[in-house]
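Coordinate analysis (summary)
Next come the chains, spelled out residue by residue.
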Amino acid sequence: MKIEHFALQVPDPITMADWYAKHLGCSIARAGGEPAHMRFLKDSSGSVMVELYRNPKVAVPDYATMDPLLIHLAFLSNRPADDRDRLVAAGARVVDDLVTTPLGDQLIMLRDPWHVALQLVHRAAPMLA
């Protein structure tokens, strides 16, 4: 089986999806209206999707108080420091700055303007085709 998407209950799926499209290279594969305003976002490869929605049946998690190690979206980056600076200028904030792991991967942890944790990762050896 192949994972089709991962879903996040968020405070403002419309504005958030637009920000992800503009600043993270995502595209909106499908959009819905009331009540949840769901947005399915494809990454730049077109093979991974994230659903952003706000279903009134449940509360939005308090992402600001959640440790990024509990949940984060990781984006491949050829130049993590440059992408960090660009995303910070667009409203993200740095949680953990650039580190290099023992395997040689470079990682930066950010929060988007809605406090969802975003990881920028440059793999020393690619893990996906």
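The paragraphs below set out a description of the structure included in this document. (Residues numbered from 1 in each chain as written. Predicted model: local features only at pLDDT ≥ 70, side-chain atom pairs only at ≥ 80, totals over all residues. Heavy atoms only, no water.)

In terms of regular secondary structure, the protein is built from two helices and eight strands. Its helices and strands in sequence order give the protein the pattern β-α-β-β-β-β-α-β-β-β, from N to C terminus. With respect to the three principal axes, the spread of C-alpha positions in the protein is 45 × 35 × 25 Å. Counting only residues that meet the buried cut, the protein has 35% of its 129 residues in that class. For the protein, the share of sequence-separated contacts (at least 6 apart) that also reach a separation of at least 24 residues comes to 49%. Total accessible area on the protein stands at roughly 7,800 Å², and carbon and sulfur atoms take up 57% of it. (Helix = DSSP H or I, 4+ residues; strand = E, 2+ residues; numbered from the N terminus. Buried < 20%, exposed > 50% of the residue type's maximum accessible area, 1.4 Å probe, protein only. Contact = heavy atoms within 4.5 Å. Areas by Shrake-Rupley, 256 points an atom, 1.4 Å probe, with all protein chains shown as cover.)

A word on the pattern of salt bridges. Enumeration over the complete set of coordinates arrives at five salt bridges. Put simply, D83 and R86 hold a salt bridge, and the shortest N to O gap is 3.2 Å. With D83 and R86 both in helix α2 (residues 80-89) and three residues apart, this pair spans about one turn of that helix. Among the charged side chains, a network of salt bridges with common partners joins R84, D85 and D97. (Salt bridge = Lys/Arg side-chain N within 4 Å of Asp/Glu carboxyl O.)

A full pass over the atoms with the stated rule returns three aromatic pairs. Ring plane angle 80° and centroid distance 6.0 Å describe the contact between W19 and W114, whose orientation is recorded as edge-to-face. Here W114 lies in the loop between β7 (106-111) and β8 (117-122) and W19 lies in helix α1 (residues 13-24), a separation of 95 residues in the sequence. Side by side, W19 and W114 carry an identical accessibility label, which is buried. Grouping aromatic residues by their ring pairs yields a cluster made of W19, Y20, F75 and W114. (Phe/Tyr/Trp six-rings, centres within 6.5 Å; stacked < 30°, edge-to-face > 60°.)

By secondary structure assignment, the location of R39 is in strand β3 (residues 39-42). The side chain of R39 sits in the buried core without any salt bridge; D18 is the nearest counter-charge, 5.8 Å away. For R39, the side chain forms a polar contact with the main-chain oxygen of H37, separated by 3.3 Å. Those residues within four positions of R39 in sequence are excluded, and the remaining contacts are P13, I14, A17, I28, R30, A31, G32, V50, E51 and L52. (Lys, Arg positive; Asp, Glu negative; His and termini not counted. Polar contact = N/O pair within 3.5 Å; in protein donor to acceptor, adjacent residues only side chain to side chain.)

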